Amino acid sequence: MDSSNINWIPIKTYKDIRFFLWKGISKIEINRPKCHNAFRVETVEEMIDAINICKNRTDIDIVIITGYGKKSFCSGGDQKTRGLGGYLGKDGIPRLNILDFYKKIRELPKPVIAMVNGYSIGGGHVLHVVCDLTIASDNSIFSQVGPKVGSFDGGFGSSYLARIIGQKKAREMWFLSRQYSAQEAFQMGLVNKVVPLQDLEQVTLNWCKIIQNRSPMSLRMIKRCLNAELDGQHGLMQLAGDATLMFYLTEESQEGKNAFLEKRHPNFRKFKKFL
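What you are looking at is a predicted structure, and each value in this text was computed from that prediction instead of being measured.

Residues of helix α5 (residues 156-165) that are buried: Phe156, Gly157, Leu161, Ala162 and Ile165. Buried residues along α5 sit in contact with α2 (98-107), α3 (123-130) and α6 (167-176). Looking one or two places after α5, you find Gly166, whose phi comes out positive at around 95 degrees.

Structure representation (structure tokens):
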């Protein structure tokens, strides 16, 4: 697939992000290059709106998250908008709404791929961590910088990170706040693949096309199962909800509904029991 022939079609116009679709593949692109694609409250609100659209549209199979340009994926929260208690939106209320976006990625019943094109720093590093897969360009840099700027992520940015790279390496990332190359990130299992920058979108789209040929229900359920342990009761609820969806599709479930509507006793004995 030649990415130069890709005709990304805008889905909706925003101020801080760009949102596209091409043949069932959606792309959410942070568009704040002047601050290395750092996010502010409004950026996150737009990303939440976009990912909600991805959830509700049946013509979207998979989501790519990336940053505009060739230097930065996302450099985390925009410190210029940080106030006492969080990041300040136009209403002056402090928020940490990026946590809501992280949860949206976990909850989305479709695969999400981080296409890392440069610096993945702080909250931007957590952003790629919570995505299902990460494909990085060879110029990418990864770092957790919270202790440098008086911040930390006690959620996915620490617990899930430790599940991926191990407790010792996760503590190293946080305590030292040093930067890691794309190759170092690959060696520690932090990213799935490293490719030349010029090939990044093409390789990511190739992975997307492969995934699109897989069973969507299988992908949905395996994502739920992989999330369930770490996400606690909320993760179990997500898994149980999809298990209910699968059951509703069976003749046995339909028999219960039809019997109720037809005011008769259901005949469940006709359905095979599995060992």
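Two elements in contact, α3 and α5, have axes separated by 10 Å at closest approach and are oriented at 50 degrees. Overall, the two elements α3 and α5 adopt an arrangement that is oblique. Here α3 and α5 pass one another in a crossing that is left-handed. Residues His125, Val126, Val129 and Val130 of α3 form the contact with α5, whose own contacting residues are Phe156, Gly157, Tyr160, Leu161 and Ile164. Its residues assigned to classes, the contact of α3 with α5 shows 7 nonpolar, 2 polar and no charged.

Here the structure, examined in full by the defined rule, presents 3 aromatic pairs. Ring geometry for Trp8 against Phe20: centres 6.4 Å apart, planes inclined by 50 degrees, an arrangement best described as tilted. Here the residue Trp8 occupies a position in the segment before β1 (9-13), and Phe20 occupies one in strand β2 (residues 17-22), the gap between them amounting to 12 residues. Residue Phe20 is classed as buried on the basis of its relative accessible area, which comes to 10%. Its end group placed over the ring of Tyr180, Arg178 keeps NZ or CZ at 4.2 Å from the ring centre.

Right, let's get into α3. Of all 8 residues in α3, 8 are buried, a share of seventy percent or more. Considered for burial, the residues of α3 that qualify are Gly123, Gly124, His125, Val126, Leu127, His128, Val129 and Val130.

In this section: the sheet that holds strand β9 (residues 112-116). Spatial ordering of the open sheet is given by β1-β2-β3-β4-β9-β11-β14, a layout of 7 strands whose pairing is mixed. Of all strands in the sheet, those with a lone pairing partner are β1 and β14 (193-195), marking the two edges. Across this sheet, the average inter-strand angle for adjacent strands is 25 degrees, counted without regard to direction. Alignment of strand β3 (residues 25-30) against strand β4 (residues 62-67), held across 6 bridges, turns out to be parallel. Residue pairing across strands places Glu29 opposite Thr66, the latter belonging to β4.

What follows covers the sheet that holds strand β10 (residues 119-121). One open sheet holds the 4 strands; their spatial order is β5-β10-β12-β13, and the pairing between them is mixed. Each edge of the open sheet is held by one strand with a lone partner, namely β5 (72-74) and β13 (180-181). Relative to β10, β5 runs parallel, the two being bridged by 2 bridges. When the sheet's bridge partners are listed, Cys74 is paired in β10 with Ser120. Sitting on the sheet, α3 touches β5, β10 and β12 (141-143), and the angle it makes with β10 is about 95 degrees.

With respect to the secondary-structure elements, Ile164 resides in helix α5. The class of Ile164 is partly exposed, set by a relative accessible area of 28%. Sequence separation between Ile164 and Met188 is 24 residues; the distance between their C-alpha atoms is 8.4 Å. Residues contacting Ile164, with those up to four places away along its chain left out, are Val129, Met188, Gly189 and Leu190.

Reading guide: rules and limits
- Residues numbered from 1 in each chain as written.
- Predicted model: local features only at pLDDT ≥ 70, side-chain atom pairs only at ≥ 80, totals over all residues.
- Heavy atoms only, no water.
- Buried < 20%, exposed > 50% of the residue type's maximum accessible area, 1.4 Å probe, protein only.
- Helix = DSSP H or I, 4+ residues; strand = E, 2+ residues; numbered from the N terminus.
- Contact = heavy atoms within 4.5 Å.
- Axes fitted to C-alpha atoms, helices over the stretch in contact; angles between N-to-C directions.
- Parallel < 35°, antiparallel > 145°, perpendicular 65-115°, else oblique.
- Left-handed = near helix turned anticlockwise from the far one by under 90°.
- Nonpolar A, V, L, I, M, F, W, Y, C, P; charged D, E, K, R; others polar.
- Phe/Tyr/Trp six-rings, centres within 6.5 Å; stacked < 30°, edge-to-face > 60°.
- Lys NZ or Arg CZ within 6 Å of the ring centre and 35° of its normal.
- Pairing = 2+ DSSP bridges.

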